[in-house]
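Report on the structure
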Amino acid sequence: MKLSSLTVCIALSFTASVYAEIDNHRFIIQVDNGHKGVVKALAKQLGGDIKLDSDGFFAASFDGTDLSTLKGLLNNPHIKLIEQDHPRKAFNLFNDDIGDAMSQQLTPYAVYQSQANQVLFDGNTGIKVCVIDSGLDQSNNDFVWGNISGSNDSGTGNWNEQGGPHGTHVAGTIGAADNGFGVVGMAPGVQMHIVKVFNASGWGYSSSLAHAANVCAAAGANIINMSLGGGGASSTESAAFENFASAGGLSVAAAGNDGNSVRSYPAGYASVMMIGANDANNQIANFSQFPSCETGRGKKRKQDETICVEVTAGGVDTLSTYPAGSASNSAVLADGIGVASSAMENTGDESATPYFMGLGDSVDSGANGKVCVIDRGSISFHDKALNCQNSGGIAAVIINNESGLFSGTLGSPNNTSIPTVGIALEDKNQVLNALSIRVKVGASDYGYMSGTSMATPAVAGVAALVWSNHPDCSGEDIRSALKASALDGGADGKDVYFGYGIVQAKAADDYLIANPCAGGGDNSGDTSLSLTAYKVRGLQHVDLSWSGVSGSSVDIYRNGNIVNSVINNGEYTDNIGVKGGGSYTYKVCESGSTQCTTEQSVVF
C-alpha cells in the first residue's frame, strides 16, 4: 500500500514523577476491546495499577509480582497474551556545545555528508514525520510551527514543552527551518507530529511505543523516528510497527550506544530500519552498536538484513536545536577567523593577545590581562583555568593533546569565573600565532549531541526529503532506495557496522528516478523477494523465492548481472559454487523488462 501524503511523527517522553525509576513489574495485557473492561477490573482487583490503555491492549503495574506469577493469577479466557513491558530510553552519549548559531544559519556536517543540500524538499506532497521522544519545546523559533502538531499524554505533559532537550535536538535534525538563522534540517520545514513518551528522566516502555505507533498512524504519519531503545522484544510493540509498515509507512530507530553487538528494540524488529552512527570523517562511531544479521542454526542458518544495521548517518558532535537558552555555546576567533571550540564553564566575552602557559600547572604573571593558551595534561582542567585566573588571565583556551575536539568541564566545586573553552590540537598554531584572541561563552538555543539518537533523525529527514520528490513510493521503496544508494563505509560491501553505508539523498533520488515506484510505470510495489543462504560441503548456495513479478520467464540478477533466465515459478536456487565468505545482492525481473523486485542481499 502506498501513502498519498508523507508525514513525520515525533513521540516524546514520560514525566519524572511517573518514570524516574524503572518499573520491572509492569506488564502488557493483550485483550479484545470488547472485553477489556472486565479484564481491567480483574487486574485492579489483583492490585494492578493501570498505566496505559490503547487499542487491543493495556499496560499495568503489579508491585512485587513477576511475569509467571501474574499469568497464573490473571486466568481469563479473554486475555490473548501477557508479556513484560520492557523499558525504553533515549540514546545519546554526550553533549558538546560548539560554534554560535545565534547570529547566522549553520548547516550541520551531516547535511553535507548525506547530500541533503543537493535535493530540494517538496513541501507540497504533505510528507509528515512522527517523532517519538521527549517533546519539542516551543521556545525554539527555528521551526515552521504551523506545520507541527502533537499529542498530549497524561503521564508526560504537553508535547510542546520539553521533557529534556533530546526531543528538540532530534526534531531540529529532521526539520529545522531554512530561515537564515540557527541550523537547517535535512527536510527543512517538513510537517511533524510530536508524541511525547519521555521526560528528563529518559524512560518509557514498550507499551508506550506501541501506543505511540498507533497515534502516529492516526495522525497520518509516513515516517516514525525513534531515537531510543532497550533490551527485550515485545510482541505488542513489534505488531504495532508491522502494522505501520503494512500500511506503507517507514519506521527508523537507533541501533544503540554501547559499542557492542547487542540487539536493541524497536530497532531489532524486521519492520523497523536500524540506524548506526558515523562521524564527520566517514568513520564508524565507536559507540554505535552492531548486532549480527544472522538467524537460525545449521541448515536453517540465514542472513536477515532487517534485524541489523541497514545504514548510518552523522551522529558524532551533531549541531541542532535546544530549548531556548538551555545550551551553552562557545566561539573562539583568532584574528577574526573562527576556530572550532567546546564550551567548558563560565560565561563571558573577552578579547586580548594570547599567552602560552604550557601545561598551566603554576601561576605565571606573564598571562596578566591576556588569554591563556594551555596544553592539556598533567593537572585538571579546573586547576589550569584557576592558575590562569590567578595569573590575571581573562580567559582560558585549553588545547587537546590528540587530534579533534574534546568535551570537558571544570568540575565541582568550580572556583573560577573566567570563560574557559577547549580546542583541537590541529588549531594550536593558529591560536598561538594570532595577534588577538576572542573567547565567548554564553547561553544558546543550539548545541551538540552525539549518539545513534542523532544519526536516526538524519536518516528520517533524508527519507522525508527523498520521499517528497517520489510520492508514489511506499516506505519499503524508500527503505530499499536508501540502502541501494548508500555510500559504502568500512569493509568493502555490506557489513555489520555500516550496513549498506552512509545515506546519500542525491544518490537515492537518482536511484528512484531510474527505478520509479508504482505509479511511475516501471516497478510494481507489490513484489517481494526472500533469500536463504547456506553451504553444502563448503560451497555457497542461495535459495530465491519471489512473488508479484509477471511474465512467463524471469531474469535472475546477482550483483547487477544476469546469471540465469528461468521459468517464472517463484523459486530458484543459485548454486554459486564458491567456498569461503562473500556478499551477494539479488533481484528478479520480468525477462526483458524493468519490472523487478526490490534488491535483497545475503552475506556468507
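What you are looking at is a predicted structure, and each value in this text was computed from that prediction instead of being measured.

A look at the pattern of salt bridges
Pairing between side chains of opposite charge can happen when their charged atoms approach one another. A complete count under the given rule lists 14 salt bridges for this structure. Here aspartate 49 ties to lysine 51 by a salt bridge, and the two come within 3.0 Å at their closest N and O atoms. Of the residues examined, aspartate 49 reaches a relative accessible area of 38% and is grouped as partly exposed. Linking glutamate 310 and arginine 479 is a salt bridge whose minimum nitrogen-to-oxygen distance equals 2.5 Å. Placement of the pair is glutamate 310 in strand E19 (residues 309-314) and arginine 479 in helix H11 (residues 475-484), with a sequence separation of 169 residues. The burial state of glutamate 310 is the same as that of arginine 479; both residues are buried. In the salt-bridge network here, residues are joined through shared partners; they are Glu305, Glu310, Glu476, Arg479 and Lys483.

A closer look at the sheet that holds strand E23 (residues 341-345)
Taken in spatial order, the 5 strands make up an open sheet running E23-E28-E27-E26-E25, and their pairing is mixed. Strands at the two margins of the open sheet, each flanked by one partner only, are E23 and strand E25 (354-356). In this sheet, adjacent strand axes meet at a mean angle of 30 degrees when their direction is disregarded. One ladder, built from 5 bridges, connects strand E26 (residues 371-375) with strand E27 (residues 395-399); its direction is parallel. Within E27, the position partnered with valine 371 by the bridge is alanine 395.

A look at the nonpolar core
Counting 55 residues, the largest nonpolar core has Met192 and Ile478 as its most contacted members. Counting residues per element, this core draws most heavily on helix H10 (residues 452-468), at 11 residues. Among all residues touching isoleucine 478, those that are not within four sequence positions of it are Leu250, Ala463, Val466, Trp467, Cys473 and Leu512. Core analysis: the second largest hydrophobic core is formed by 30 residues, Leu52, Val215, Tyr265 and Val309 among them.

Procedures and definitions
- Residues numbered from 1 in each chain as written.
- Predicted model: local features only at pLDDT ≥ 70, side-chain atom pairs only at ≥ 80, totals over all residues.
- Heavy atoms only, no water.
- Salt bridge = Lys/Arg side-chain N within 4 Å of Asp/Glu carboxyl O.
- Buried < 20%, exposed > 50% of the residue type's maximum accessible area, 1.4 Å probe, protein only.
- Helix = DSSP H or I, 4+ residues; strand = E, 2+ residues; numbered from the N terminus.
- Pairing = 2+ DSSP bridges.
- Axes fitted to C-alpha atoms, helices over the stretch in contact; angles between N-to-C directions.
- Core = buried A, V, L, I, M, F, W, Y, C linked by side-chain atoms within 4.5 Å.
- Contact = heavy atoms within 4.5 Å.

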